[in-house]
Amino acid sequence: MKQITIVDYGSGNVLSAQQSFIKVIKDNGIEAKVLISSDLNDIKKSSHLVLPGQGAFATCMNGIKKIPGLYEELKEFAIIKKKPFLGICVGMQLLASDSEENGLHKGFGWIEGHI
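Residue positions are given per chain, counted from 1 along the sequence in the order it is written. This being a predicted model, a pLDDT of at least 70 is required before a residue's local features are given, and a value of 80 or more before pairs of side-chain atoms are given or counted; all residues contribute to the totals for chains, interfaces and linings. The basis for every side-chain value is the complete set of non-hydrogen atoms in the structure, without hydrogens or water.

Visitor: Teacher, can you tell me more about the state of the cysteines here?
Guide: Among covalent bonds in proteins, the disulfide is the one between the sulfur atoms of two cysteines. Only a pair of cysteine sulfur atoms within 2.5 Å qualifies as a disulfide here. Applying the stated criterion to the full structure yields 0 disulfides. Not part of a disulfide, Cys 60 finds its nearest cysteine sulfur in Cys 89, a span of 8.0 Å. On the basis of relative accessibility, which here comes to 0%, the residue Cys 60 falls in the buried class. For the exposure calls, accessible area comes from a 1.4 Å probe over protein chains only, and a residue counts as buried if that area is under 20% of its type's maximum, exposed if over 50%, partly exposed in between.

Visitor: Is there a simple way to think about helix α1 (residues 14-28) in this case?
Guide: Residues lying three or four places apart along an α-helix face the same way, a consequence of the helix completing one turn every 3.6 residues. The numbering of helices and of strands both runs from the N terminus, where a helix is a DSSP run of H or I of at least 4 residues and a strand a run of E of at least 2. In a helix, the anticipated span is given by 1.5 Å times the number of residues less one. Taking 1.5 Å as the rise per residue, α1 with 15 residues should run 21 Å; its terminal C-alpha atoms sit 21 Å apart, in good agreement. Those residues of α1 that sit buried are Val 14, Ala 17, Gln 18 and Ile 25. Angular distribution of buried residues about the axis of α1 spans 100°; they occupy a single face of the element. Exposed side chains of α1 directed beyond 90 degrees from the buried face belong to Leu 15, Lys 26 and Asp 27. Considering only its buried residues, α1 is in contact with β1 (2-7) and β2 (32-37). Count one or two residues on from α1 and you reach Gly 29, which has phi positive near 60°. The arc in question is formed by the directions pointing from the helix axis toward the C-beta atoms. Pairs of residues are marked as contacts when any of their non-hydrogen atoms sit within 4.5 Å.

Visitor: Honestly, the environment of Asp 98 in this entry has me stumped. Any pointers?
Guide: In this structure, Asp 98 sits in strand β5 (residues 96-99). Asp 98 gets classed as buried once you look at its relative accessible area, which sits at 14%. Sequence-wise, Asp 98 and Ile 111 are 13 residues apart; in three dimensions their C-alpha atoms are separated by 9.6 Å. When near neighbours in sequence (up to four residues on either side) are disregarded, Asp 98 contacts Phe 57, Leu 104, His 105, Lys 106, Gly 107, Gly 113, His 114 and Ile 115. Polar contact criterion, stated in full: a pair of N or O atoms within 3.5 Å, where within protein one must be able to donate a hydrogen and the other to accept it, and residues adjacent in sequence count only if both atoms are side-chain atoms. Reaching out from Asp 98, the side chain makes a polar contact with the side chain of His 114 at a distance of 2.6 Å.

Visitor: Just checking my understanding: could you explain the sheet that holds strand β4 (residues 85-87) for this structure?
Guide: By way of backbone hydrogen bonds, the strands of a sheet pair with one another, either parallel or antiparallel. Reading across the sheet, the 4 strands line up as β2-β1-β3-β4 and stay open at both edges, with parallel pairing between neighbours. The sheet is open, and its two edges are formed by β2 and β4, each paired on a single side. The average undirected angle you get between the axes of adjacent strands in this sheet is 20°. Two elements, strand β3 (residues 48-51) and β4, share 3 bridges in a ladder whose sense is parallel. Residue pairing for β4: Leu 51 is matched across the bridge by Gly 87. Throughout, an axis means a line fitted to C-alpha atoms (over the contacting stretch in the case of helices), and angles, computed between N-to-C directions, take values from 0 to 180 degrees. Sheet strands touched by helix α4 (residues 70-80): β1, β3 and β4. Its angle to β3, the strand with the most contacts, is close to 130°. Here, any two strands with at least 2 DSSP bridges between them count as paired.

The structure is reproduced here in structure tokens:
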């Protein structure tokens, strides 16, 4: 069974994302469960990760930095292990090199580009 984890780092409409995934799973007979969590162990056990984001780039990046080890675990999951990862809205923008929204802010750098 797939475990889809929606990463909760304080920015993003996690409940709306969860309900959307639950509907798609149900409508298509997919064997999966959807979890909202920032627990590193939950992330490690996941088959798929979703990184939502709502608000300003810097606010979202700071939310991730406030959770010890979260960025490193996201990188391990997506870049090292190459497991399915979906960024939604600012969650996708964070994957870029940087953002010029309200000043210059460094992103994850997983995708070359500027926001």
